[in-house]
Amino acid sequence: MSNTEAHPAEVAGGAAQCPRDAAGRPVVQILAARQVPLGGPRAMTVRRTLPQRHRPLIGAWCFADHYGPDDVAATGGMDVAPHPHTGLQTVSWLFAGEIEHRDSAGVHALVRPGELNLMTGGHGICHSEVSTAATTALHGVQLWVALPAAARDAPRDFQHHSPEPVDLDGASARVFLGTLAGVRSPVSTFTALLGAEVRVSPGARLRLAIAGDFEHGLLVDRGVLQWESTAVRPGELGYLGAGQTELRLANPTDQPARALLLGGPPFAEQIVMWWNFVARSHEEIVAYRTAWQQQSDRFGAVRGYRGPRRRLPAPPLPNGRLKARGNPPPP
C-alpha cells in the first residue's frame, strides 16, 4: 500500500525506549490512530498508528495502516496504482476480502485472509494493489519493515506463507513472522521480527513466553484486550518496551478479541522515511523521488495493471530539508 498523503511528513527513528511508571516498572503505552484517506472521491479511510513523531518504530516495524471492514460497494474498494518502495519490506495481512498484487519483480499474487505476503523493495521495486471483483468487504492491515543498512539495497523479492492456527487454550495464534508459542515461521527476514495474529475468547487469559530483547506492539482489530493493566481498544496500538519475557493478555469482555502482535529488537539505526521511501538522508530521498519521476530502471515496471492511472506521481518535497525525529529519550 502506498502512503497517499499529499504532504507526507518525514520521519526518522533510532532505538526506542521503554516507558516506565513512577516505580520504574514498564507500562503499556497507547498509540492512537489518525485517519488517512487512501485516495479518490470515495476514499477508503485507513487508521494509521505507525509512524508517529514520538514513536516512529517498534523494532523494525515502521508503518501500520489498519483498514475496514470497508463496504466495497460504497467506497469502490482498493485501487492503488503502481508506486515505488525503497529500503523496506511490505507485509500484507487480511481479515476479509481479497487483493490482487502485481510488482516489478514479475509477481502476480492474491492476498487472502490468514495468508502472509511479504514483498522486499530494498534497492527499488514498484507494485499495484487492487481489491478483486469477488470482494464485498475489505478488512486488514498493511505493515512496513525498515531494512538495516546491510540489506537496504537487497534485490526485489516476494514470499508467501499460510500459517496454521495454534490452539492456546481459550486463544489461538497464527505466527506469520518469527517465533511464538513454539511455532517458527519459515519466512526469512533481515532483522529479528515477530508478527502474529492473536485471537482471545471472551473471559480468557493468555500467558506466552516472548523474547526479552524485543519491544512489542499490539494492534487491536476487534474487542478489547487488557495488556498487563492497560486496556487496548479497537484501532489502538499498545506498546511495551524491551525487557519483558512474558506476554500477559486478558479478554475482560463477553465478545471475542482479535489483534496483531508485532515485535523486534529496538532498531538502532537512524532512518528517514518520506512517502514510500526509507532512506538515511535527505539527499537519498531526493534521489529516490527523482528516479521515480524519471521512470528509472531502479524501480522497474508493473505489467497487467488496468486501473485509471498508469502510476502514482510522487508528491512534492517539503520546502526545507528532511530532518530526523527519533524515539523519545529515556525518562
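Computed from a predicted model, the values in this text were never measured in an experiment.

Engineer: Honestly, the overall build of the protein in this entry has me stumped. Any pointers?
Structural biologist: In terms of regular secondary structure, the protein is built from two helices and 27 strands. Going through the 331 residues of the protein one by one, you find that 56% of them count as buried. Taking contacts inside the protein between residues at least 6 apart in sequence as the whole, the part at least 24 apart equals 74%. Of the roughly 13,400 Å² that the protein leaves accessible, carbon and sulfur atoms contribute 50%.

Engineer: Looking at this structure, how should I read the confidence of the model for the protein?
Structural biologist: Caution is warranted with low-pLDDT regions, since their predicted coordinates should not be read in detail. Per-residue confidence for the protein gives a mean pLDDT of 91; residues scoring 70 or more make up 89%. Counting interchain partners and residues more than four positions distant, the pLDDT-below-50 stretch residues 11-17 has 41 contacts.

Engineer: Honestly, the sheet that holds strand S15 (residues 171-177) in this entry has me stumped. Any pointers?
Structural biologist: Across the sheet, which stays open at both edges, the seven strands sit in the order S2-S23-S20-S25-S18-S15-S14 with antiparallel pairing between neighbours. The open sheet terminates on both sides in strands that have one partner only, identified here as strand S2 (29-31) and strand S14 (166-167). Here six bridges tie S15 to strand S18 (residues 194-200), and the two strands are oriented antiparallel to one another. Residue pairing for S18: serine 172 is matched across the bridge by arginine 199.

Engineer: I keep staring at the pattern of salt bridges and nothing clicks. Help me out?
Structural biologist: Two side chains carrying opposite charge are able to pair once their charged atoms lie near each other. Following the criterion strictly, the structure yields 12 salt bridges and no others. In this structure, arginine 152 engages glutamate 284 in a salt bridge whose closest nitrogen and oxygen atoms are separated by 2.7 Å. Taken as a pair, arginine 152 in the loop between strand S12 (137-146) and strand S13 (157-161) and glutamate 284 in helix H2 (residues 282-293) lie far apart in primary sequence, 132 residues in all. A salt bridge links glutamate 269 to arginine 280, with the shortest nitrogen-to-oxygen separation between them at 2.7 Å. With a gap of 11 residues between them, glutamate 269 in the loop between strand S25 (257-264) and strand S26 (271-274) and arginine 280 in the loop between strand S27 (277-279) and H2 connect regions that are remote in the sequence. When its relative accessible area of 27% is taken as the criterion, glutamate 269 is described as partly exposed. The class of arginine 280 is partly exposed, set by a relative accessible area of 22%. Shared partners join several salt bridges into a network, and the residues in it are Arg207, Glu228, Glu246 and Arg248.

Engineer: When you look at empty space enclosed by the protein in this model, what are you seeing that I'm missing?
Structural biologist: Rolled over the atoms, a probe with the dimensions of a water molecule shows which regions are left empty. On inspection of all chains with the given rule, the structure shows one cavity of 30 Å³ or more. The space that makes up the largest cavity amounts to roughly 60 Å³. If you go around the largest cavity, the residues you meet are Thr90, Ser92, His101, Val111, Asn117, Leu118, Met119, His127, Glu129 and Phe158. Listing elements by their share of the lining of the largest cavity, those giving two or more residues are strand S7 (88-96), strand S10 (116-121) and strand S11 (125-131). For the lining of the largest cavity, the per-class residue count stands at four nonpolar, five polar and one charged.

Engineer: Help me out: how do you make sense of the environment of threonine 136 in this one?
Structural biologist: With respect to the helices and strands, threonine 136 occurs in the loop between S11 and S12. Residue threonine 136 is classed as exposed on the basis of its relative accessible area, which comes to 62%. For the pair threonine 136 and glycine 97, spaced 39 residues apart in sequence, the C-alpha to C-alpha distance is 6.8 Å. Contacts of threonine 136, omitting those with residues within four sequence positions, involve Asp70, Asp71, Val72 and Ala73.

Engineer: For this particular structure, what's the right way to read the environment of phenylalanine 267?
Structural biologist: Relative to the helices and strands, phenylalanine 267 resides in the loop between S25 and S26. A relative accessible area of 5% places phenylalanine 267 in the buried class. Measuring from C-alpha to C-alpha, the distance between phenylalanine 267 and proline 148 comes to 8.3 Å, with 119 residues separating the pair along the chain.

Engineer: Is there a simple way to think about H2 in this case?
Structural biologist: Each α-helix winds once per 3.6 residues, and so residues spaced three or four apart point in a common direction. Its 12 residues place the ends of H2 17 Å apart at the C-alpha level, agreeing with the 16 Å of an ideal helix rising 1.5 Å per residue. Residues of H2 that are buried: His282, Ile285, Tyr288, Arg289, Ala291 and Trp292. On its buried side, H2 packs onto strand S6 (79-85), S11, S26 and S27.

Engineer: It is not clear to me how the sheet that holds strand S24 (residues 246-250) should be interpreted in this structure. Could you clarify?
Structural biologist: The pairing of strands in a sheet happens through backbone hydrogen bonds and is either parallel or antiparallel. Read across the open sheet, the four strands follow the order S19-S24-S21-S22; overall the sheet is antiparallel. Strand pairing shows two members of the sheet lacking a second neighbour, strand S19 (205-209) and strand S22 (230-232), which therefore form its edges. Within this sheet the neighbouring strands show an average axis-to-axis angle of 30°, counted without direction. Where S19 meets S24, five bridges bridge the pair, whose relative direction is antiparallel. Its bridge partner lying in S24, leucine 206 is registered against leucine 249.

What counts, and where the lines are drawn
Residue positions are given per chain, counting from 1 as you read along its sequence in written order. It should be noted that, the model being predicted, local features are given only for residues of pLDDT at least 70 and side-chain atom pairs only at 80 or more, the latter also being counted only at that level, while totals for whole chains, interfaces and linings use all residues. Note that water and hydrogens are dropped before the side-chain values are worked out from all heavy atoms of the structure. A helix here means a DSSP run of H or I that spans at least four residues, while a strand means a run of E at least two residues long, and both kinds are numbered starting from the N terminus. Burial status follows relative accessibility: with a 1.4 Å probe on protein chains alone, a residue under 20% of its type maximum counts as buried, one over 50% as exposed, and anything between as partly exposed. Contacts are residue-level and defined by heavy atoms, with any inter-residue pair within 4.5 Å sufficient. What sets the accessible areas is the Shrake-Rupley method with a 1.4 Å probe; for residues, cover comes only from the shown protein chains. Per residue, pLDDT measures the predictor's confidence, with a range of 0 to 100. Each pair of strands is called paired provided DSSP finds at least two bridges between the two strands. Salt bridge, as used here: a side-chain nitrogen of Lys or Arg that lies within 4 Å of a carboxyl oxygen of Asp or Glu. Of the grid points, spaced at 1 Å and generated over the protein atoms alone, those admitting a 1.4 Å probe that cannot get out make up cavities, while open sets with protein on both sides within 12 Å along at least five of seven lines make up pockets; any residue with an atom within 4 Å of a point is treated as lining. Grid points are joined across faces, edges and corners, and a volume is the space filled by probe spheres set on the points. The classification used treats Ala, Val, Leu, Ile, Met, Phe, Trp, Tyr, Cys and Pro as nonpolar, Asp, Glu, Lys and Arg as charged, and all other residues, Gly among them, as polar. Each residue after the first adds 1.5 Å to the expected span of a helix. To get an axis, fit a line to the C-alpha atoms, keeping to the stretch in contact for a helix; angles then go from 0 to 180 degrees between the N-to-C directions.

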